[in-house]
Amino acid sequence: MRAFCYLAAAFALGTTLTFGSAMIPLIITEAGAAVTKEERAAARSAVKARRADCKAQANAQKLHFLKRARFTRACMRKTV
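Note that the structure is a prediction, hence the values are computed from the model and not measured.

Rules used in this analysis
Residues numbered from 1 in each chain as written. Predicted model: local features only at pLDDT ≥ 70, side-chain atom pairs only at ≥ 80, totals over all residues. Heavy atoms only, no water. Helix = DSSP H or I, 4+ residues; strand = E, 2+ residues; numbered from the N terminus. Expected span 1.5 Å × (residues − 1). pLDDT = per-residue confidence, 0-100. Disulfide = S-S within 2.5 Å. Buried < 20%, exposed > 50% of the residue type's maximum accessible area, 1.4 Å probe, protein only.

A. Molecular detail of helix H2 (residues 37-60). In this model, H2 (24 residues) spans 34 Å end to end at C-alpha, consistent with the 34 Å of a helix rising 1.5 Å per residue. Looking one or two residues past H2, lysine 62 carries a phi angle of roughly 55°, positive in sign.

Below, the structure written as structure tokens:
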């Protein structure tokens, strides 16, 4: 039982370190300086605006839910 607990704890810690660190990327510019909070906020708002525009285009085409989601993903890739 103890070995199972150690194994479960190691697995939980490993997935947290693996996937948790990927969720908060450190953005570094070409100059090598870390990006500030304001720059990240501006980038997030630009992505939100692009996503809203892509969703509006999908809604204008009256696409079904899955096709609308697929269209939005493709539109986001295209406009990046």
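From this point, the discussion proceeds with the structure in view.
B. Molecular detail of the confidence of the model for the protein. Overall, the predicted model of the protein reaches an average pLDDT of 77, with 56% of residues at or above 70. Taken element by element, the protein is modelled with least confidence in helix H1 (residues 2-23), mean pLDDT 58, and with most confidence in H2, mean pLDDT 92.

C. Geometry of the state of the cysteines. The full count for this structure, using the stated rule, is 1 disulfide. In this model cysteine 54 forms its disulfide with cysteine 75; the gap between the sulfur atoms is 2.1 Å. What sets the handedness of the cysteine 54 and cysteine 75 disulfide is the S-S torsion sign, and at about -70° it is left-handed. You can see cysteine 54 sitting in helix H2 and its partner cysteine 75 sitting in helix H3 (residues 65-79), a full 21 residues away along the chain. The exposure class assigned to cysteine 54 is buried, which follows from its relative accessible area of 1%.

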